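# Understanding the architecture of this molecule
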Amino acid sequence: MFNYQIVIEYLGTNYVGWQIQKNGPSIQLIVQKALTKVLGSKIKINGSGRTDAGVHAKGQSANFISNREIKDKYKFLNSVNFFLKKKSISITKIKKKNINFHARYSVKAKIYKYIILNRKTSSPIYDKRVWLVKNKLNLVEMKKGIKFYLGTHNFTSMRAASCGAKSPIRTITKACINKSSDKIMITFVSKSFLQKQVRSMVGCLKYVGENKWKAKKIKFLINQKKRELCAPPAPPEGLYLEKVIY
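First things first, this report covers the structure right here in the doc. (Residues numbered from 1 in each chain as written. Predicted model: local features only at pLDDT ≥ 70, side-chain atom pairs only at ≥ 80, totals over all residues. Heavy atoms only, no water.)

## Brief notes about the overall build of the protein
To keep things clear, this is the line we draw: A run of H or I in DSSP becomes a helix once it reaches four residues, and a run of E becomes a strand once it reaches two; helices and strands are each numbered from the N terminus. Taken over C-alpha atoms, the radius of gyration is set against a globule rule of 2.2 Å times the number of residues to the power 0.38. Under the scheme applied here, a residue whose accessible area is under 20% of the maximum for its type counts as buried, over 50% as exposed, and between as partly exposed, the area being computed with a 1.4 Å probe on protein chains only. Working rule for contacts: check all heavy atoms of both residues, and any pair within 4.5 Å makes them a contact. Values of accessible area rely on a 1.4 Å probe in the Shrake-Rupley scheme; residue burial ignores everything except the protein chains shown. Charged residues are defined narrowly, with Lys and Arg counted positive, Asp and Glu counted negative, and His plus the chain ends left uncounted. Every charge is mapped onto a representative atom, which is NZ of Lys, CZ of Arg, CG of Asp or CD of Glu.
From N to C terminus, the protein includes five helices and 10 strands. Relative to the 2.2 N^0.38 estimate, which gives 18 Å for 246 residues, the radius of gyration of the protein is 19 Å and therefore close to what a compact globule would have. Considering only C-alpha atoms, the protein reaches an extent of 55 × 40 × 30 Å along its principal axes. Here the protein, with 246 residues, has 49% of them falling under the buried criterion. The contacts of the protein with a sequence gap of at least 6 include a subset with a gap of at least 24, amounting to 70%. In the structure as shown, the protein presents an accessible area of about 12,800 Å², 51% of it carried by carbon and sulfur atoms. Separation between the mean location of the 50 positive side-chain charges and that of the 11 negative ones in the protein comes to 5 Å.

The following block contains the structure:
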C-alpha cells in the first residue's frame, strides 16, 4: 500500500465545490475519476478541506492510497492531467508520504487569498477570478480593520448558517492586505476556517473600505456573535486556497 499526496490547482467557477455532491460536478469526483483511469483501480481521495462553489485553488492538497507504486511521477502527472485538461483542473505535484499522513487531519495551516479588483470598469482577463468593486476603497481603514481578526476568537458572526463545525472558535495567525496597481489582495492564515468565514471577513472589510463602517466595528461584530449583524459575504470568485502547510 502506498500513500500519495497531490497538490491540485483549479478554477472553481463551474463546480459545486470541492466535495462530492448530488447537485452537480465537484472537483473531488473529477480528480478521483482521472486517478482511477490512470491507476486501473478505484481511488478515493481525501481533501485538506472543502472549498465552496465558485472558489478557486492554487494549492489544494489531497491524499490517496494506491496498491501500485508510482515510479515515474512526471509520466504519471502527464497521464492524469490528460484527463483533466478540459476540466480547468491540474495536479501540479505528487509526493509519496508516510502511511499515516492524511490531507485533512495532518494540516498545520491553510493560506487563503482574496482578490478585489478596485476600479470602475470590468475586466475580461479577470472575469470570474476577482471581485470587481467599483467604489474606491479606503485601504488605510481596511488595514486597521483587518487587525481585529488576528488571534483566537469566536467567529459565530462570520460563519454560514449551514456550517457544520462543532466549534466556532478559530485562530487567525496572519491577516494582511496588499495592493498592486488596481488589485487589493487580502491574505488569511489559520489551521482551519469555518464555512464562508473568509468571504464574510472580506465582506466586512469592504464595508470598512467604503466608509460604511468604522474599522473598530469589526471587533464589535466579533464580540456580538450574531450572524445577522455581519456584512454580506464576498462572492466566491475572488477567493483562492493558496497553500496547505503540513
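## Points about unusual backbone geometry
For K128, which is not glycine, the phi torsion reads 65° and is therefore positive. For K128, the position within the fold is in the loop between strand 5 (109-117) and strand 6 (131-132). Overall, the relative accessible area of 48% leaves K128 in the partly exposed class. The phi dihedral of N211 is positive, around 65°, even though this residue is not glycine. Owing to a relative accessible area of 54%, N211 belongs among the exposed residues under this scheme.

## Topic: helix 2 (residues 73-84)
Note the cut-off: A helix's residues, less one, multiplied by 1.5 Å, set its expected span. Picture the helix axis, draw a direction to every C-beta atom, and the arc is the one those directions span. Polar contact is defined as a pair of N or O atoms within 3.5 Å, subject to the rule that within protein one atom must be able to donate a hydrogen and the other to accept it, and that residues adjacent in sequence are counted only when both atoms are side-chain atoms.
End to end, helix 2 covers 16 Å across 12 residues, agreeing with the expected 16 Å (1.5 Å per residue, within 8%). Those residues of helix 2 lying buried are F76, L77, V80, N81 and L84. Down the axis of helix 2, the smallest arc covering the buried residues is 120°, so these residues share one side. Among the exposed residues of helix 2, those pointing more than 90 degrees away from its buried face are Y74, K75 and F82. The secondary structure elements touched by the buried residues of helix 2 are helix 1 (27-39), strand 3 (56-66) and strand 4 (89-97). N-capping of helix 2 is provided by D72, with a side-chain oxygen placed 3.3 Å from the backbone N of Y74.

## Quick notes on the state of the cysteines
Disulfides are covalent bonds that connect the sulfur atoms of two cysteines. The condition is simple: Note on terminology: pairs of cysteine sulfur atoms within 2.5 Å are recorded as disulfides.
Considering all chains together, one arrives at zero disulfides under this definition. Cysteine C176 remains unbridged, with the sulfur of C204 as its closest cysteine sulfur at 18 Å. Lacking any disulfide linkage, C204 is separated from the closest cysteine sulfur, that of C230, by 3.6 Å. In this structure C204 comes out as buried when scored by relative accessible area, which is 0%.

## A few points about the nonpolar core
The condition is simple: Side-chain atoms within 4.5 Å link the members of a nonpolar core, which is a set of buried Ala, Val, Leu, Ile, Met, Phe, Trp, Tyr and Cys residues.
Ranked by internal contacts, the top residues of the largest apolar core, which has 65 residues, are L35, F64, Y149, I186 and F188. Other than its neighbours up to four places away in sequence, I186 contacts Y112, K113, Y114, I116, M142, I146, C176, I177, V202 and L205. Listed in part, the five residues of the second largest apolar core include I115, V130, M185 and Y240.

## Focus on the packing of aromatic side chains
Keep this limit in mind: Each Phe, Tyr or Trp ring, with Trp reduced to its six-membered ring, pairs with another whose centre is within 6.5 Å; inter-plane angles below 30 degrees give stacked pairs, above 60 give edge-to-face pairs, and intermediate values give tilted ones.
The tally for this structure, following the rule as stated, stands at eight aromatic pairs. Measuring from ring centre to ring centre gives 4.9 Å for F101 and Y246, while their planes differ by 70°; the resulting arrangement is edge-to-face. One end of the pair, F101, is in the loop between strand 4 and strand 5; the other, Y246, is in the segment after strand 10 (239-245), with 145 residues separating them in the sequence. For F101, a relative accessible area of 10% gives the class buried. Classification of Y246 as partly exposed rests on a relative accessible area of 24%.

## Describing the environment of K97
Here K97 lies in strand 4. Taking the relative accessible area as the measure of exposure, K97 reaches 24% and is therefore partly exposed. In the structure, K97 is positioned 101 residues away from V198 in sequence and 30 Å away in space, judged by C-alpha atoms. Those residues in contact with K97 that sit more than four places away from it in its chain are N3 and Q5.

## A closer look at a nonpolar patch on the surface
Our working definition: Like charges are joined within 9 Å and nonpolar side chains (Val, Leu, Ile, Met, Phe, Trp, Tyr) within 5 Å, but only among residues with over 30% relative accessible area and no salt bridge; these make up the patches. Salt bridges are counted wherever a side-chain nitrogen of Lys or Arg sits within 4 Å of a carboxyl oxygen of Asp or Glu.
Taken together, the side chains of M1, I65 and I99 make up a nonpolar region of the molecular surface, amounting to roughly 300 Å² of accessible area. For I99, the location among the structural elements is in the loop between strand 4 and strand 5. The partly exposed category is assigned to I99, whose relative accessible area is 49%.

## Concerning the pattern of salt bridges
Two side chains of opposite charge can pair, provided their charged atoms sit close to one another. With the rule as written, the count across this model stands at seven salt bridges. One salt bridge connects D182 with R119, and the closest N-O pair in it is separated by 3.5 Å. One end of the pair, D182, is in the loop between strand 8 (169-180) and strand 9 (183-190); the other, R119, is in the loop between strand 5 and strand 6, with 63 residues separating them in the sequence. Here K206 and E210 are joined by a salt bridge, their closest N and O atoms 3.0 Å apart. The same class applies to K206 as to E210, namely buried. Salt bridges linked by common partners bring K206, E210 and K212 together as one network.

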